[in-house]
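Here is what each chain is made of, one letter per residue.
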Amino acid sequence: MNRIGVFICHCGLNIAGTVDVKKVAKLVSDYSEVVYATDYMYMCSDPGQDMIKEMVKEKKLDGVVVAACSPTMHETTFRNTIASVGLNPYRGEIANIREQCSWVHQNTKEIATEKAVKIIEAIIEKLKLDKPLVPLSVPVTKRALVIGGGIAGIQASLDIADSGYEVILVEKNQSIGGHMLQLSETFPTLDCPQCIATPKMVQVGQHPKIKLLAFSEVEEVSGYVGNFKVKIRRKASFVDWDKCTGCGFCMEKCPAKVPSEFNEFLSKRKAIYTLFPQAVPNKPVIDSNNCLYFTKGKCRVCEKNCSLKAINFEQKDSFVEENVGAIIVATGYDLMNKAEVGEYGYGKYKDVIDGLQLERLLAPAGPTEGIPYRPSDGKIPKEVVFIQCVGSRDPEHYYPYCSKICCMYTVKQAMIYKHAVPDGQAYVFYMDIRCNGKGYEEFLQRGIEEDRILYLRGRVSKIFKDGDKIRVWGADTLTGRKIEISADLVVLAMAMVPSKGAKKLAEKLRLTTDDYGFLTEAHPKLRPVESLTAGYFLAGAAQAPKDIPETVAQASGAASKVDSLFSKDELYHEPIIANVDEEVCVGCGICEVLCPYEAIEIDEQDKVAKINPALCEGCGTCCAACPSGALELEGFRRKQILSMIKVFAEV
Amino acid sequence: MESKKITDKKKLKLAIGLGSTCSGCDIAILDLGVKLLELIGLADIVFWPTVFDFKYSDLKELGDKEIDITLHHGTIRTTEHEEIARILRKKSKVLIAFGSCSCFGGIPGLCNLTDKKQIFDAVYGENLSVANKENIFPEEKLLINKNKSITLPHLFDTGKTLKQLVEVDYFIPGCPPPMQLIEGLIPLMKDVLGGAQLPEKGTVFGSKKTLCDECTLKKENKMISKIVNPVTAIVDPERCLLEQGILCMGPVTRGGCEARCINVLMPCRGCMGPGPETEDQGVKMISAIASILGVKDEENLTDQQIEDLLSGIKDIVGTFYRFTLPDALLNRKVKERR
Ligand SMILES: Cc1cc2nc3c(=O)[nH]c(=O)nc-3n(C[C@H](O)[C@H](O)[C@H](O)COP(=O)(O)OP(=O)(O)OC[C@H]3O[C@@H](n4cnc5c(N)ncnc54)[C@H](O)[C@@H]3O)c2cc1C
Ligand code: SF4
Ligand code: SF4
Ligand code: SF4
Ligand code: SF4
Ligand code: SF4
C-alpha cells in the first residue's frame, strides 16, 4: 500500500479558470491509496512547496502527485521539494492538467474537470508502481574539444582554457581565424577585424592549456557526456610543422599559381601557402591538387628552398585520439553556393560579386589594398548596386530564413566604399531593412545621411551587360517608379548557409540540425547554447546566422556551460533509462539500429542486447520497437503504462 | 462406472474437455504415438468426449477436485462451453488450457470481429448457397411435442479464453500444441503422482524467449523497406523471412515449436501466442513493424509513400491477432456505438 498525496495547482486562473479544482481534489481524495488531496493557488511558489513538505511529514506520504503544468516546467522543482524532506525524488510525479487539459478545453469546463480527474488518477497508477531510483554517476574528463577555429571557437577555447581546463581546438584550415579575418572593417564601429582578432589568435597559439590542431578534422566520436573519445585526422600538409619556422621562403619560389580561397578568388596564391600573413599557426601546407610535383612529377622547388628540410612529399594523413568531457561545435558558415543562384548574372559577369568578395576588395590588407578595383578591368567603380536578400527570405527558390547580418554589412560596405571612392554612388535594393542591434539603426542613418547611400525599396528584375557597364533594372515600390541603373559593380548579399561538411559532421556527432543544416539548440529560448545531446554545446554561425558580437557572446556562454560541467568531479545521469531482460532478449538487433544515441550494442557472444546506461537518454524508442518485450524503460514500465491506459479506457 | 473399475490407486485421473474447437488438439494428443501409451499408463482417462463415449453426466458424478489433471481445449463460445469449463474447474486439481483457442481464443476467437446476429444473418440468410425464403433461424428453445421441449446452448456475441472465465493453472499453447510440449505432460504427471513441487501457477509451456531465438535462418538487419507477399515472393531459404519483407510473427511469438513453419519456409503466424514479456501480441508486432518499416529513409517519405508501404499489410487483425484476438487489450469490434 502506498501513501499518496495529491496537490492540485490553480496556476492562478490558468487551471482553476477552467477546471473545478475543489471538486477534483474531493474526487481524487477518495481514490485508492490516496491519503491526502488538496488544492492551492500556486503550487510552485515557496508556500506551495512548503505545504507539500509539511504534508509529506505529517501524513507520512511515500509518493506525491502534483497536478499542475507540464513536467518539462516543474518536474525538477517538485522532485527537489520532496527530496528535501527525505522522499526519493522519483516518487514524485506531475499530472499535467494545464497544457493537456485546461488550456485545450477552455470552453467545456465540465469535460475539463472530468479529464483532470482521469489524468490525475492515471498518474497515481503510475506512481503506485514507481520504484525509488538513484541517479547514475559518471566521472568527468575535464578537457574540452572545440571544433572550428573561427571567432566563436577562438573565444570559447580561450574562456575555457583561462578557467584552467585543457582545450583541444580542431580547425580544418591551416590557420584559425575563420571568416572574421576576411572582413574589411566591422559594423557598427568600423574597427579593423584583424586588429581585434589576431591578438586572440596569438593567445590561442601560446596558451599552455590549448592544444591547437590546425589542418585537422574530427573523424569519429564515441562515448557520452563527460567521457567522449575523439579520433582526429591530421591531414597531410606535406610540411613537417615541427621543423618549419614559418619563414616563407618555400612559398616565394613556388611556380604554381592558384586562385586564393582566402581572397575569394580575386587574387592568386601559390601551391604551397599560408592563408594570410598573421596566420596561427603560421605554417604552410602544400595543395597537392595544384602542386606541380604532385600533378606532373616535377618541381620540388620548395624543398630546395627550405633550409630546414621541413618539406616532406611522403607525408600521410595521421590520426590522434583524445579523451574529452565536452564538445563545442563552432563550425561557422559559408555563403550560399555560387552555382545555386540563377539570376543576377552571378558567375556570368565578373563584376557581379558577393559580399565576401567585396570585403576582400575593401580590406586594407586585401588583394587591392582597400581600393575596390573591379575584377573585370581593374577600373574604380563609380556606380555600385547592392542587392540584399539574395537567396534569403525566398522560400520558393532558396531559403526562407533571414540571414540577419546582410542588411548591416551592406550599409557598412557601402560606407567603406564611399570612403574609398568619395565621388562614387552606392545604391541598395532592399525588401526591408533590419538593423536591430545596439547602435545599428544609428549606423544605417549615418550611411544614408553622411554617405548618401541611396536606398531603393524593391527587387531587381533583370541584370545584363551593356558594354563595360552592367545594367540593372528594378522597381522602387515606394514611388512606383521603374529604376534603371548603369552600374560598374553589383554586389549580392548572399544567404548565409552552414559551412560545407557541417551536416556530415553533425551526423557523426549525432546532433540534430534544422532543415538547412544549422545545428539545433536544446531550447530556442532557455537553452540556446546547448544541443539536445548532453555534453555538446553550440557557438557562432553554425547554429544560425549571426554577427560577431552575438557569436562571441554565444561562445562565452557555451564556454561557461562547459566550465560548470567541469566544476563537478562526477556527473549525474537520469536513471530513467532502458533495461534489457537478457532472459527474454533474442538479440534480433532491432533496438541496436534504432537507438538514436547508439547506446545499444548486441553482445556477439551472448547474443543479447547490452545498454550503456551512461549513453541512454531514456527516449524509449527501443522499448516500443523490441518485439520480444525484453526492453523496459525505467519509470515507464509496461505495467505502468498499461495501468494508466486502463484508467483512461474505463468509462 | 467403467473408469472407476479400472482405476489403480497409483494412477492419476485425467480429463480432456472442450469448447469451440476443430479437435486438432485431440488429434495432436493421439499423435503422441508410443508416448500416448506411457501417458495412459500414468493416468486413467475419466472424460474425453471426442475419443470415448463419455456423457456430461459422467463428469457431473465426479467429486470436487477428484480429477488430477484436466486439459481444456477450444474457445468459449456458448453457454454449454461455459458450463463445462466451470464444472471442469471445480472437479480438477490442475486445469490446463491446452492449445491456442483455450489459451488466447484461437481461430474461433476471430468471431469477435462480428457478433451473433451478423453470423446468423450470414449463415442462415445472406450466404449465396443458402435458400431460406421462410426466414427460419435457429432458436434456442425447440418444442419437440406439446409436453417436451429442448434447449440449445446460447451462442455468445464474444468468444472468450478459458482464463477469462475460471482460474487456470498452466497453459500449453500452439495450434495445435507442438509434440515436444505435449510430451512435457508426462514429467508433469509423474511429479503430480510423486507429490513433487509443481511449476508455478500460470506457467506457460514453451520457451522463455520468442521464436526468433530458435529459428535458424540467418539474421542480418531487421530494417525493412517494404512488405512482400510470402506466396508470390521469391524467398531466400537461408535468410530471416521478416528481413525479406515477409510478415513473420516470430519476433513476438513464444518459442517452443522449434520453428516448424519456418522450417518449411512459411512465416510464423503466431499460434504460440505472445512472448513471456508481452501483454498483447498484435500490438507488440504492430509497434515493431512501425519501428522498422521504411525507417531508413523515414524523413523523406511522403504521406502517400507511407500509405503505400502500409498497404502491404493486407489483413491487420488476421495477421497480427490470428490466434489472440479475445486475449488482446482491445478484444472485440465495437458492438454498438454509444
Ligand atoms: C560579407 C560579410 C560581412 C560581414 N561583416 C560583419 C561585420 O562587419 N560585423 C560583424 O559583426 N559580423 C560580420 N559578418 C559576420 C561574421 O563573419 C560572423 O558573425 C562570424 O565570422 C561568425 O564566426 P564563426 O566563428 O561562428 O564562424 P566562421 O567565421 O565561419 O568560422 C568557422 C571556422 O570553423 C572552421 N570549420 C568549419 N567546418 C569545420 C570542420 N568540420 N572541422 C573543423 N573546422 C571547421 C572553418 O574553417 C572556420 O575557421 C559578416 C559576414 C559576411 C558574410
Ligand atoms: S539580413 Fe537583411 S539582407 Fe540579409 S536576409 Fe535578412 S533582411 Fe535580407
Ligand atoms: S529489440 Fe529486443 S529482442 Fe531484439 S535485440 Fe533488442 S532487446 Fe533483444
Ligand atoms: S531508451 Fe532510447 S536512448 Fe535509451 S537505449 Fe533505448 S533507444 Fe537508446
Ligand atoms: S522473424 Fe521469423 S524468420 Fe526471422 S528470425 Fe524470427 S522467426 Fe525466423
Ligand atoms: S511457427 Fe508460429 S505459427 Fe508456426 S507453429 Fe510455431 S508458433 Fe505456430
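Residues numbered from 1 in each chain as written. Chains lettered and ligands numbered in written order. Predicted model: local features only at pLDDT ≥ 70, side-chain atom pairs only at ≥ 80, totals over all residues. Heavy atoms only, no water.

Participant: Describe the site of ligand 5, and please don't skip the residues or the numbers.
Facilitator: Neighbouring ligand 5 are the residues Leu211(B), Cys212(B), Cys215(B), Leu217(B), Lys219(B), Cys240(B), Leu241(B), Leu242(B), Cys248(B), Gly250(B), Pro251(B) and Ile262(B). For the shell around ligand 5, the residue count by class is ten nonpolar, one polar and one charged. (Near = heavy atom within 4 Å. Nonpolar A, V, L, I, M, F, W, Y, C, P; charged D, E, K, R; others polar.)

Participant: Let's hear about the sheet that holds strand 1 (residues 4-9) of chain A: which residues, and what values?
Facilitator: Residue and element names in this part refer to chain A. The strand order 2-1-3-4 describes an open sheet built from four strands, whose pairing is parallel. Bordering the open sheet on either side are strand 2 (34-40) and strand 4 (92-96), each of which pairs with just one other strand. Ignoring which end each strand starts from, the neighbouring axes of this sheet average 20° apart. Two strands pair when backbone bridges link them, and strand 1 and strand 3 (residues 63-68) are joined in this way by five bridges, in the parallel orientation. Opposite Val6, over in strand 3, you have Val65 as the bridge partner. (Pairing = 2+ DSSP bridges. Helix = DSSP H or I, 4+ residues; strand = E, 2+ residues; numbered from the N terminus. Axes fitted to C-alpha atoms, helices over the stretch in contact; angles between N-to-C directions.)

Participant: Can you tell me about the pairing of strand 4 of chain A, naming the residues and giving the values?
Facilitator: Residues and elements named next belong to chain A. Among the five residues in strand 4, five count as buried, and that is most of the element. Every second residue of strand 4 is oriented toward a common face, with Gly92, Ile94 and Asn96 on one face and Glu93 and Ala95 on the other, all of them buried. As defined by bridge partners, strand 3 adjoins strand 4 across five bridges and the pair is classed as parallel. When the sheet's bridge partners are listed, Val65 is paired in strand 4 with Glu93. As for the winding sense of the linkage, the β-α-β connection from strand 3 through helix 4 (residues 71-83) to strand 4 is right-handed. (Buried < 20%, exposed > 50% of the residue type's maximum accessible area, 1.4 Å probe, protein only. Right-handed = clockwise from strand over helix to strand, strands pointing away.)

Participant: How would you sum up the site of ligand 1? Please name residues and give values.
Facilitator: Residue and element names in this part refer to chain A. Taken together, the neighbourhood of ligand 1 is formed by 38 residues, with Glu171, His179, Tyr333, Lys546 and Ile548 sitting nearest. Ile151 is positioned with one of its backbone polar atoms (N or O) 3.1 Å from an oxygen atom of ligand 1. In this structure, an oxygen atom belonging to ligand 1 sits 2.6 Å away from a side-chain N or O atom of Glu171. Notes on ligand 1: free accessible area 1000 Å², of which the protein chains cover 98%. In terms of residue class, the shell around ligand 1 is made up of 17 nonpolar, 14 polar and seven charged. Here the shell around ligand 1 spans two domains, since at least three of its residues come from each of domain 2 (138-235 + 317-332 + 499-573) and domain 4 (336-497). (Polar contact = N/O pair within 3.5 Å; in protein donor to acceptor, adjacent residues only side chain to side chain. Areas by Shrake-Rupley, 256 points an atom, 1.4 Å probe, with all protein chains shown as cover. Domains from an automatic or database assignment.)

Participant: Go over the packing of helix 13 (residues 406-420) of chain A against helix 14 (residues 440-450) of chain A, please, and point to the residues and values.
Facilitator: Residue and element names in this part refer to chain A. Relative orientation of the contacting elements helix 13 and helix 14 amounts to 35°, with a least axis distance of 10 Å. Handedness of the helix 13/helix 14 crossing: left-handed. From helix 13, Met408, Val411, Lys412 and Met415 reach across to helix 14, where they touch Tyr440, Phe443, Leu444, Arg446 and Gly447. A breakdown of the residues in the contact of helix 13 with helix 14 according to their chemical character gives six nonpolar, one polar and two charged. (Left-handed = near helix turned anticlockwise from the far one by under 90°. Contact = heavy atoms within 4.5 Å.)

Participant: With reference to specific residues and values, describe the interface of chain A and chain B.
Facilitator: Listed by partner, the interface residues are 21 residues for chain A and 21 residues for chain B. Carbon and sulfur atoms supply 62% of the area that chain A and chain B bury against each other, a total of about 1700 Å² over both sides. Of all residues in chain A, Val586(A), Pro627(A) and Arg638(A) bury the most surface against chain B, accounting for 28% of the area lost on that side. In this structure, the connection of chain A to chain B is made through two salt bridges. Between Glu279(B) and Arg638(A) there is a salt bridge, with the nearest N and O atoms lying 3.3 Å from each other. (Buried area = accessible area lost by both parts, 1.4 Å probe. Salt bridge = Lys/Arg side-chain N within 4 Å of Asp/Glu carboxyl O.)

Participant: So what's going on with the sheet that holds strand 3 (residues 67-73) of chain B? Residues and values would help.
Facilitator: Residues and elements named next belong to chain B. Strand order in this open sheet of six strands is 2-1-3-5-9-10, and the pairing throughout is parallel. Two strands bound the open sheet, and with one partner strand each, they are strand 2 (43-47) and strand 10 (203-204). Judged from the three bridges that link them, strand 5 (residues 92-98) and strand 9 (residues 170-172) form a sheet pairing that is parallel. Following the sheet pairing, Ala97 is matched in strand 9 by Phe171. Each of strand 1 (12-18) and strand 2 touches helix 3 (residues 34-42); the most contacted strand, strand 2, lies at about 85° to it. Along the sheet, helix 5 (residues 79-91) makes contact with strand 1, strand 2, strand 3 and strand 5, crossing strand 5 at roughly 135°.

Participant: Quick rundown of the confidence of the model for chain B? Include the residues and the values.
Facilitator: Residues and elements named next belong to chain B. With 96% of its residues at a pLDDT of at least 70, chain B reaches an overall mean of 93. Scored below 50 in pLDDT, residues 1-8 shows eight contacts in the model against residues more than four places distant or in partner chains. The ipTM value of the predicted complex is 0.85, and its pTM value is 0.71. (pLDDT = per-residue confidence, 0-100.)

Participant: So, the pairing of strand 9 (residues 216-224) of chain A: which residues are in play, and what are the values?
Facilitator: Summarising the sheet, strand 9 of chain A and strand 10 (residues 227-234) of chain A pair through eight bridges and their orientation is antiparallel. Within the sheet, the bridge partner assigned to Val221(A) lies in strand 10 of chain A and is Val230(A).

Participant: Talk me through the nonpolar core; I want residue IDs and the actual numbers.
Facilitator: Residues Ile272(A), Ile286(A), Ile311(A) and Ile328(A) are the most contacted members of the largest nonpolar core, which totals 89 residues. If one sorts the elements of this core by residue count, helix 7 (residues 151-162) of chain A sits on top with seven residues. Dropping the residues within four chain positions of it, Ile328(A) is found in contact with Leu145(A), Val146(A), Ile147(A), Ala156(A), Ile160(A), Phe537(A), Ala539(A), Ala558(A), Ala559(A) and Val562(A). Among the nonpolar cores identified, the runner-up in size contains 76 residues, and Ile67(B), Phe98(B), Val228(B) and Leu293(B) belong to it. (Core = buried A, V, L, I, M, F, W, Y, C linked by side-chain atoms within 4.5 Å.)

Participant: Tell me about the domain arrangement of chain B, residues and numbers included.
Facilitator: Residue and element names in this part refer to chain B. By domain assignment, chain B separates into domain 1 (2-108 + 160-204), domain 2 (115-155) and domain 3 (211-337). Domain 1 and domain 3 are separated by 31 Å when their C-alpha centres are compared. Contacts between the two partners involve 18 residues from domain 1, matched on the other side by 16 residues from domain 3. Carbon and sulfur atoms supply 56% of the area buried between domain 1 and domain 3, which totals about 1200 Å² over both sides.

Participant: Which residues make up the domain arrangement of chain A, and what values go with them?
Facilitator: As a measure of interface size, the accessible area lost when the parts come together is often cited. Each assigned domain of chain A is listed here: domain 1 (4-128), domain 2 (138-235 + 317-332 + 499-573), domain 3 (237-316), domain 4 (336-497) and domain 5 (574-634). A separation of 59 Å is found between the C-alpha centroids of domain 1 of chain A and domain 4 of chain A.

Participant: Describe the state of the cysteines, with residues and values.
Facilitator: All names here are of chain A. By the definition in use, this model includes one disulfide over all chains. The disulfide bridge from Cys192 ends at Cys195, spanning 2.2 Å between sulfur atoms. For the disulfide bridge between Cys192 and Cys195, the dihedral angle about the S-S bond is near 90°, and by the sign convention the bridge is right-handed. By relative accessible area, which is 25% here, Cys192 ends up partly exposed. Unpaired in terms of disulfides, Cys9 finds its nearest cysteine sulfur in Cys11, a separation of 5.3 Å. With relative accessibility at 5%, the residue Cys9 sits in the buried group. (Disulfide = S-S within 2.5 Å.)

Participant: Residue-level account of the packing of helix 7 of chain A against helix 16 (residues 548-566) of chain A, with values.
Facilitator: Helices that pack against each other are described as a pair by the angle of their axes relative to one another and the distance between those axes. Residue and element names in this part refer to chain A. Where helix 7 meets helix 16, the axes come as close as 8 Å, and the angle between the chain directions of the two elements is 35°. Here the hand of the crossing between helix 7 and helix 16 comes out right-handed. On helix 16, the residues touching Ile151, Ala152, Gln155, Ala156, Asp159 and Ile160 of helix 7 are Ile548, Thr551, Val552, Ala555, Ser556, Ala559, Val562 and Asp563. Class assignment of the residues belonging to the contact of helix 7 with helix 16 gives a composition of nine nonpolar, three polar and two charged.

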